[in-house]
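# Chain and residue survey
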Amino acid sequence: MVSSEQRRRQLAREKYERQMKARAEAAGRRRKRNAVVASVAALVVLAGVGAAAAGVFGSDKKDDKKASAAPTPTASKSGKYAAEPAMSIDTAAPYTASLDTSAGKVTFSLDAAKAPHTVNSFVFLAGEHFWDNTKCHRLTTDGIFVLQCGDPTGTGSGGPGYEIPDENLTGATYPAGTVAMANAGPNTNGSQFFLVYKDTQLPPNYTPFGKITGGLDVLQKIAAAGVKGGGSDGAPATPVEVKAITAAKG
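Small disclaimer: the values here were computed from a predicted structure and weren't measured. (Residues numbered from 1 in each chain as written. Predicted model: local features only at pLDDT ≥ 70, side-chain atom pairs only at ≥ 80, totals over all residues. Heavy atoms only, no water.)

On to the pairing of strand β7 (residues 193-196), then. Neither face of β7 is open: one carries Phe193 and Leu195, the other Phe194 and Val196, and all of them are buried. Here strand β6 (residues 178-181) runs beside β7; their pairing, made up of 3 bridges, is antiparallel. Residue pairing across strands places Met181 opposite Phe193, the latter belonging to β7. (Buried < 20%, exposed > 50% of the residue type's maximum accessible area, 1.4 Å probe, protein only. Helix = DSSP H or I, 4+ residues; strand = E, 2+ residues; numbered from the N terminus. Pairing = 2+ DSSP bridges.)

Written out as structure tokens, the structure is:
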């Protein structure tokens, strides 16, 4: 027989998955809408250049080669990037990161060997000061025990402007101390990540890429203060401002 505690945890997991599914569907609608806008813009440009359209299509292969080389992107005026950064980390080397917040410091190791794209992106964004002066916008305290950070807008829908593939999912589990990517569906990882402060059961859908080495007590203290306005899922009652995130080899 399923106990009331097991049922409560099951309902919490189902709620979390429904929210993730809703976000994935919303992201899909945004991508579709953006694709339509881009198509209209392309038609306008092609109409303006007339016969030069053949030249545009003729440069596709060159553009593809540039894309595959994935040069280090530069930030647009909106603070976002056009493409995933070029691979620049040593996947055989250890990397560490430090999350300096208003509630205290959390340190963790990064698994570059098992999650190279994720760690490469994390190191890149940290070096760009992408997360400086942002906030951890989401805390869950029932069934799922995580603090979610990394959204520059603080709304839960922001990101760096590019997406990276899922990694390290085979047999993935989420015990206390796990650092993993939040997403809006398969292969939609951006800049949002979550820190697990208590053993949590989730399906293996979220790229685990790090392990907390210090500051787990900081997270537990944040969780103990609860969610703003009550409930078990929302902004933490204790505001968590990210002062800076740094990442380095070694």
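Right, let's talk about the sheet that holds strand β1 (residues 95-101) for a bit. Pairing is antiparallel in the open sheet, where 10 strands are placed in the order β3-β10-β1-β2-β8-β6-β7-β5-β4-β9. Since the sheet does not close on itself, it has two edges, and those belong to β3 (134-135) and β9 (233-234), each with one partner. Of the strand pairs in this sheet, β1 and strand β10 (residues 241-249) are connected by 7 bridges, and their pairing is antiparallel. Bridge pairing links Tyr95 to Lys249 in β10. Along the sheet face, helix α4 (residues 116-127) touches β1, β2 (104-110), β6, β7, β8 (208-214) and β10 and points at about 120° away from the line of β10. Along the sheet, helix α5 (residues 216-224) contacts β2, β4 (138-142), β5 (144-149), β7 and β8; its crossing angle with β2, the most-contacted strand, is approximately 125°. (Contact = heavy atoms within 4.5 Å. Axes fitted to C-alpha atoms, helices over the stretch in contact; angles between N-to-C directions.)

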